[in-house]
Amino acid sequence: MPTILILRFSAMGDVAIAASVMKEVASQHPNTLFVFATRAFFAPFFENIPNLELFPIDFKEKYKGFKGVFRLYKDLKNKYKMDAVADLHGVLRSKLLTLLFRWSFNKIKIATIHKGRKEKRALCQAKMQNKTPLKPTWQRYVDVFQELGIKVVVKPKPIPYFPEKVKKIGIFPFAQHKGKIYPQELLGKVVETLNAHYEIYLFGGGRNEQEICESWQKKYQNVFSFIGKHSLKEELNIISTLNVMLSMDSSGMHLASLCNIPCVSIWGATHPYSGFVGFGQENNPQIQLNLPCRPCSVYGNKPCKYEDYRCLYGIAPEEIVREIRNE
């Protein structure tokens, strides 16, 4: 059986997108073993893929530093006879690993993701009328397999949204960078309004986030915070019972895709055109403002040049509620 090693170590949203792609790739190649090297925490993403094995990686201890990467290479080499390596990450660690495999196996096939950095920089610099959608991240992953000669057809099936059937709403209020986070005081108004008609389930991570969401839970009768209370697998099971997810440009959108749940997304400093819309979520509401300064960043990690994050503060809570209700 051919064995393909896939490298994608982080972040959660990117690994979730890769998991959506791997379901398609693995199902179309049932006689190939796919070994996905990533953090053990992400294992629930890959359950129910019979010909995929997850190789857990801990870069904080066993595989820390340069010596750790070499140890990881030896562990993978000793456990599997690799026929090809698909580098979906394209970072220093993954490039070093692919180099080591290339030195070890003369005939091994190796392909690395083309991230399109030049096009993404251009997107952030172009005038609004000249902006065009870039290749989605999931397609960049598929291209890596195509480059390896693994023929696969991936076409995301649209996840339909039916506002009239909504009873349970999940909310991922946070993201890694400030340029992606809808202001807490405004989102609080969204939660207050939705609380009167729906059950609200809050997700995220971190002590500060947990305190914010638990304060909303105490304040509103139909709001429930799950932060710090469940494993990732349990959270995915809960998400799969929702009618819709409200998320920033963050992992919440991609977890919803894994669970085949529609997502209403909020975009501030970043933009859907950069290619990070959830798998199958392209037709669902993407709330954003048409500002000439957007996007100022692909990842939302640059400070606002106006210092007021008008791309987020300019979105009225009422607009978000209307999008969810389709009014």
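Below, the structure is looked at part by part.

Basis of the calculations
- Residues numbered from 1 in each chain as written.
- Predicted model: local features only at pLDDT ≥ 70, side-chain atom pairs only at ≥ 80, totals over all residues.
- Heavy atoms only, no water.
- Pairing = 2+ DSSP bridges.
- Helix = DSSP H or I, 4+ residues; strand = E, 2+ residues; numbered from the N terminus.
- Contact = heavy atoms within 4.5 Å.
- Axes fitted to C-alpha atoms, helices over the stretch in contact; angles between N-to-C directions.
- Buried < 20%, exposed > 50% of the residue type's maximum accessible area, 1.4 Å probe, protein only.
- Salt bridge = Lys/Arg side-chain N within 4 Å of Asp/Glu carboxyl O.
- Phe/Tyr/Trp six-rings, centres within 6.5 Å; stacked < 30°, edge-to-face > 60°.
- Lys NZ or Arg CZ within 6 Å of the ring centre and 35° of its normal.

Strand order in this open sheet of six strands is β8-β7-β6-β9-β10-β11, and the pairing throughout is parallel. In this open sheet, the two strands that pair with only one neighbour each are β8 (223–225) and β11 (286–287). Here strand β10 (residues 263–266) pairs with β11 via two bridges, running parallel. By the bridge assignment, Ile266 is partnered in β11 with Ile287. Each of β6 (168–172), β7 (199–202), β8 and β9 (244–248) is contacted by helix α6 (residues 184–195), which is oriented at about 170° to β6, the strand it contacts most.

Looking at where Tyr73 falls in the secondary structure, it is placed in helix α2 (residues 65–79). Exposure remark for Tyr73: the relative accessible area of 7% places this residue in the buried category. Sequence spacing of Tyr73 and Phe101 is 28 residues, and the spatial spacing of their C-alpha atoms is 7.6 Å. Once residues within four sequence positions are removed from consideration, Tyr73 is found in contact with Leu97, Leu100, Phe101 and Ser104.

Across all of its chains, the model carries seven salt bridges by this definition. Between Lys233 and Glu47 there is a salt bridge, and its shortest N-O distance comes to 3.7 Å. Taken as a pair, Lys233 in helix α8 (residues 232–239) and Glu47 in the loop between β2 (33–39) and β3 (52–57) lie far apart in primary sequence, 186 residues in all. Assessed through its relative accessible area of 42%, Lys233 is described here as partly exposed. Among the ionic pairs, Arg207 bridges to Glu211, the shortest N-O distance being 3.5 Å. Linking Arg207 with Glu211, this pair stays in helix α7 (residues 207–219), spanning four residues, or about one helical turn.

This paragraph deals with the packing of aromatic side chains. Following the criterion strictly, the structure yields 14 aromatic pairs and no others. Arranged with centres 5.8 Å apart and planes meeting at 75°, the rings of Tyr201 and Phe224 form a pair that is edge-to-face. Of this pair, Tyr201 sits in strand β7 while Phe224 sits in strand β8, placing them 23 residues apart in sequence. Tyr201 sits in the buried class, given a relative accessible area of 10%. Ring centres 6.1 Å apart and planes at 50° place the aromatic pair Phe276 and Tyr299 in the tilted group. Within this pair, whereas Phe276 is found in the loop between β10 and β11, its partner Tyr299 is found in the loop between β11 and α10 (310–313), the two being separated by 23 residues in sequence. A relative accessible area of 10% means that Phe276 is categorised as buried. By the ring-pair criterion, three or more aromatic residues cluster together here, those being Phe172, Tyr201, Phe203, Phe224 and Phe226. We note Arg93 situated over the ring of Phe59; from NZ or CZ to the ring centre the distance is 4.0 Å. Across the ring face of Phe162, the terminal group of Lys165 is positioned such that the distance to the ring centre comes to 5.0 Å.

Turning to the environment of Ile266, a few remarks are in order. With respect to the element layout, Ile266 can be found in strand β10. Ile266 gets classed as buried once you look at its relative accessible area, which sits at 0%. Separated by 86 residues in sequence, Ile266 and Lys180 place their C-alpha atoms 8.0 Å apart. When residues no more than four places from it in sequence are discounted, the contact partners of Ile266 are Tyr182, Leu246, Ser247, Met248, Asp249, Ile287, Leu312, Ile315 and Ile320.

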